[in-house]
Amino acid sequence: MSAWTAVLPAKPFHLAKTRLHVPETTRRELARSFFLDTLCAVLATGPVTTVVVVTDDREVTELAEESGAFVVNEHPRVGLNEAVLSGASFARSLAPEASVAVLPTDLPALRPSELGHVLSLAKRHRRAYLPDHSGRGTTLLTATGGCTPRPAYEGASSSGHRRNGTRELTEADAPGARLDVDTAADLWAALRLGVGPHTARSLAAAGVHAGDAARRAGPGA
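These numbers come from a predicted model, not from an experiment. (Residues numbered from 1 in each chain as written. Predicted model: local features only at pLDDT ≥ 70, side-chain atom pairs only at ≥ 80, totals over all residues. Heavy atoms only, no water.)

Observations regarding the side chain of Thr5
Definition in use: What counts as a helix is a DSSP run of H or I of at least four residues, what counts as a strand is a run of E of at least two, and both are numbered from the N terminus. The classification of residues rests on relative accessible area computed with a 1.4 Å probe and restricted to protein chains. Under 20% of the type maximum is buried, over 50% is exposed, and intermediate values are partly exposed. We call two residues contacting when some pair of their heavy atoms lies within 4.5 Å.
With respect to the element layout, Thr5 can be found in strand E1 (residues 4-9). Judged by its relative accessible area of 2%, Thr5 falls in the buried class. Non-local contacts of Thr5, meaning those with residues more than four positions away in its chain, are made with Thr50, Val52, Ala91, Ala98, Ser99, Val100 and Ala101.

Right, dumping it as structure tokens:
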């Protein structure tokens, strides 16, 4: 099984998920839970041998290091594309020929089996990407065999990655890997798929449970 290094750029939790219109403390807790569930899923994915978190935040750093991930200190804070390249460069310093997979930290419904499936498809290409559930964004960007990823996260990143020659993984069946949560509608969709334990606890504390998502979807959903 080929080895992958996963790179996860992470914002401070108080700056994340601003499109979730919930109280500040709930939003921060959800951002933290999304991060932890994403990180746990990535760490549990068989082909992933190393995880690198890129951040300038102390709380994110502590959580990442407690999990066994490496941390690249993004100081001063730069844009997402630069953070990706910084993380990829650090990954190459650890293992020059390892394949690199970049993921966001808001995938609370991500399953290790799904990620393993997508990485097996990505291994066939020098550079590849997985569009998000909307088709506009990107939830996975990969580069294999010592290649450097070509991040195009400003604006509609899916079309940006397609334009710069990165291969779209059209055949991937991985709904949890595509579902980055930015809005309330995304969160309901993640609940229907099944979120990780950290997100489930945070939502339960806010009075939201998985059954609410099923009822919201209606009969036959």
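A closer look at the nonpolar core
Just so we agree on the cut-off: As used here, the term nonpolar core means buried Ala, Val, Leu, Ile, Met, Phe, Trp, Tyr and Cys residues forming a set that is joined through side-chain atoms within 4.5 Å.
Of all hydrophobic cores here, the largest spans 35 residues; its most connected members are Phe35, Val42, Val51, Val53 and Leu103. Counting residues per element, the ones that place at least two in this core are E1, helix H1 (24-43), strand E2 (48-55), helix H2 (58-67), helix H4 (112-122) and strand E5 (127-131). Beyond its immediate sequence surroundings of up to four residues, Phe35 is in contact with Ala10, Phe13, Val53, Val60, Leu63, Ala64 and Thr105. By size, the runner-up hydrophobic cluster in this structure holds 13 residues, among which are Val54, Val100, Tyr129 and Leu141.

Thoughts on unusual backbone geometry
The backbone of Lys17 shows a phi angle near 60°, a positive value even though the residue is not glycine. By the element assignment, Lys17 lies in the loop between E1 and H1. When its relative accessible area of 13% is taken as the criterion, Lys17 is described as buried.

Notes on the packing of aromatic side chains
So the rule is basically this: Only the six-membered ring of Trp is used, alongside the rings of Phe and Tyr, when aromatic pairs are assigned; centres must lie within 6.5 Å, and planes under 30 degrees apart are stacked while those over 60 apart are edge-to-face, with the rest tilted. Criterion for a charge above a ring: Lys NZ or Arg CZ within 6 Å of the ring centre, and within 35 degrees of the ring normal.
This structure, assessed with the given rule, holds two aromatic pairs. Look at Phe13 and Phe35: their rings are 5.7 Å apart centre to centre, the planes differ by 55°, and that puts the pair in the tilted class. Of this pair, Phe13 sits in the loop between E1 and H1 while Phe35 sits in helix H1; the two residues are 22 residues apart in sequence, bridging distant segments of the chain. Note on Phe13: relative accessible area 3%, which makes it buried. Residue classification places Phe35 among the buried positions, given a relative accessible area of 0%. Between the NZ or CZ atom of Lys123 and the centre of the ring of Trp4, over which it lies, the distance is 5.3 Å.

Regarding the pattern of salt bridges
Rules: Think of a salt bridge as a Lys or Arg side-chain nitrogen and an Asp or Glu carboxyl oxygen that are within 4 Å of each other.
All chains considered together, the criterion is met by seven salt bridges. Across the salt bridge formed by Lys17 and Asp182, the nearest N and O atoms sit 2.7 Å from each other. Pair noted here: Lys17 is in the loop between E1 and H1 and Asp182 is in the loop between helix H6 (175-178) and helix H7 (184-193), with a separation of 165 residues, a long-range link. On the basis of relative accessible area, Asp182 is assigned to the partly exposed category, the value being 22%. The shortest N-O distance in the salt bridge between Arg32 and Glu59 comes to 3.2 Å. Note that Arg32 is positioned in helix H1 and Glu59 in helix H2, a separation of 27 residues in sequence. Judged by relative accessible area, which is 25%, Arg32 ranks as partly exposed. Beyond isolated ion pairs, a larger network of salt bridges with shared partners links Lys17, Asp106 and Asp182.

As for the environment of Leu15
Along the polypeptide, Leu15 turns up in the loop between E1 and H1. Linking Leu15 and Ala31, residues 16 residues apart in sequence, is a C-alpha distance of 8.9 Å. Filtering out sequence-adjacent residues up to four positions away, Leu15 remains in contact with Arg27 and Arg77.

Quick notes on the sheet that holds strand E3 (residues 70-73)
What counts is decided by this rule: At least two bridges found by DSSP between two strands are what make those strands a pair. Axis definition: a line fitted to C-alpha atoms, over the contacting stretch in the case of helices. Angles run 0 to 180 degrees between N-to-C directions.
Pairing in this open sheet of seven strands is mixed, and the strands run E3-E2-E1-E4-E6-E5-E7 from one edge to the other. With partners counted over all chains shown, the strands left at the sheet margins are E3 and strand E7 (167-168), one partner each. Two elements, E5 and E7, share two bridges in a ladder whose sense is parallel. Bridge assignment links Tyr129 to a residue of E7, and that residue is Glu168. Taken strand by strand, H1 contacts E1 and E2, and its axis lies near 155° from that of E2. Contacts from H4 reach E1, E2, strand E4 (99-102), E5 and strand E6 (138-143), with the element oriented near 45° to E6.

Comments concerning the environment of Leu103
Mapped onto the elements, Leu103 comes out in the loop between E4 and H4. Residue Leu103 is classed as buried on the basis of its relative accessible area of 3%. With 50 residues separating them along the chain, Leu103 and Val53 place their C-alpha atoms 10.0 Å apart. With residues up to four places along the chain from it excluded, the contact list for Leu103 reads Ala6, Val7, Leu8, Pro9, Val42, Leu110, Leu115, Thr139 and Leu140.

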